[in-house]
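Structural features, examined
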Amino acid sequence: MVEIKTDTALEAMREAGRVVAEALAAARQSAAVGVRLRELDEAARAVLSKAVARSPFLGYQPSFAPTPFPGVICASVNDALVHGIPDDYRLRDGDLVSIDCGAELGGWTGDAAISFTVGTARPADLELIAATQQALDAGIAAATVGHRIGDISHAISTVARTADCGMPADFGGHGIGRRMHEDPYVPNQGRPGRGFPLRHGLTLAIEPMLMSGGRNDYRTDPDGWTLRTIDGSRAAHIEHTIAITQDGPRILTLP
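Residues numbered from 1 in each chain as written. Predicted model: local features only at pLDDT ≥ 70, side-chain atom pairs only at ≥ 80, totals over all residues. Heavy atoms only, no water.

Turning our attention to unusual backbone geometry. Cis geometry marks the peptide bond from D183 to P184, where omega comes out at 5 degrees. Among the structural elements, P184 can be located in strand β6 (residues 182–186). If you check the backbone angles, V52 has positive phi at about 55 degrees while not being a glycine. With respect to the secondary-structure elements, V52 resides in the loop between α2 (37–50) and β1 (73–77). (Helix = DSSP H or I, 4+ residues; strand = E, 2+ residues; numbered from the N terminus.)

Now for the packing of helix α3 (residues 123–141) against helix α4 (residues 149–162). When two helices pack together, you describe them by how their axes are tilted relative to each other and by the distance separating the axes. Put simply, α3 and α4 touch, their axes get as near as 8 Å, and they point 155 degrees apart. Relative to α4, α3 is oriented roughly antiparallel. The handedness of the crossing between α3 and α4 comes out as right-handed. Residues A131, Q134, A135, A138 and G139 of α3 pack against I152, A155, I156 and V159 of α4. Its residues assigned to classes, the contact of α3 with α4 shows 7 nonpolar, 2 polar and no charged. (Axes fitted to C-alpha atoms, helices over the stretch in contact; angles between N-to-C directions. Parallel < 35°, antiparallel > 145°, perpendicular 65-115°, else oblique. Left-handed = near helix turned anticlockwise from the far one by under 90°. Contact = heavy atoms within 4.5 Å. Nonpolar A, V, L, I, M, F, W, Y, C, P; charged D, E, K, R; others polar.)

What follows deals with the layout of surface pockets. Here the largest pocket defines a volume of roughly 440 Å³. Y60, H83, F171, H174 and H181 are the residues nearest the centre of the largest pocket, which is lined by 22 residues in total. Its residues placed into classes, the lining of the largest pocket shows 12 nonpolar, 7 polar and 3 charged. Estimates place the volume of the second largest pocket at around 240 Å³. Residue lining of the second largest pocket: 16 residues in total, with L24, R28, A113, I114 and H240 positioned closest to the centre. (1 Å grid on protein atoms, 1.4 Å probe; cavity = no way out; pocket = protein on both sides within 12 Å on 5 of 7 lines; lining within 4 Å. Points joined across faces, edges and corners; volume = space filled by probe spheres on them.)

Below, the discussion takes up the sheet that holds strand β10 (residues 227–229). One open sheet accounts for 3 strands, arranged β2-β10-β9; its pairing is antiparallel. In this open sheet, the two edge strands, each paired with only one partner strand, are β2 (80–82) and β9 (218–220). Averaged over all pairs of adjacent strands, the angle between strand axes in this sheet comes to 40 degrees, irrespective of strand direction. Direction of pairing for β9 relative to β10: antiparallel, over a ladder of 3 bridges. (Pairing = 2+ DSSP bridges.)

What follows is the structure in structure tokens.
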């Protein structure tokens with residue numbers, strides 16, 4: 001069931017979104033050559049703790065996962081697409097890192113992700129990140145009253161195709177509110193004019209995931225969580241929680 005939020009609920013979600021933005025900033029600030037992914041998770045945990053916010057990631061176990069998720073962030077490096085576990089891996093010069101984080105505050109949830117490089121960046125990685133950001137921006141721009149979910153999906157996929165990037169066909173964005181994952185599903189590929197109609201008060205997490213190799217398939221690590229590109233190519237993931245409003249899309253997970 002799709003829940004349309006009141007303006008009061010949108011303000012509460014904005015506060016949860018601020019916490020997410022702060023946690024992501026703390027994780028990124030902690031990222032440097034030689035730093036463990038676990039330390040990035042610890043930085044985000046400190047932000048959540050200070051805000052008295054709960055992590056919707058920690059202990060989360062969907063049907064595909066063999067174990068509950070052990071962190072408050074997903075930390076995906078290089079060919080890892082999404083769902084990377086923040087473990088003892090030490091960051092290396094030139095790594096491409098994607099961090100996904102959520103926060104629940106006062107019964108409402110925010111969810112966002114960033115991608116960045118550590119140390120000396122590869123030009124191709126910067127181009128991939130830029131394309132992923134452009135895909136997100138296009139998806140958000142299409143998230144207006146009177147459009148449909150398919151308009152968001154089409155906008156994202158158009159940017160990905162132009163950049164010759166692949167995207168996993170069965171992972172995308174989602175509704176969000178009282179829980180991290182709600183209806184409707186927001187695929188990153190689709191046809192314009194199709195799908196659920198966008199109304200004032202609908203809240204969505206829009207999250208393009210681009211793979212530089214151009215393929216759409218992926219494999220799952222033995223941990224049951226981490227998704228990797230089949231060909232070892234780099235991947236990037238950027239996400240915002242937004243609200244559909246009469247005045248246009250409102251990003252709820254900005255600082």
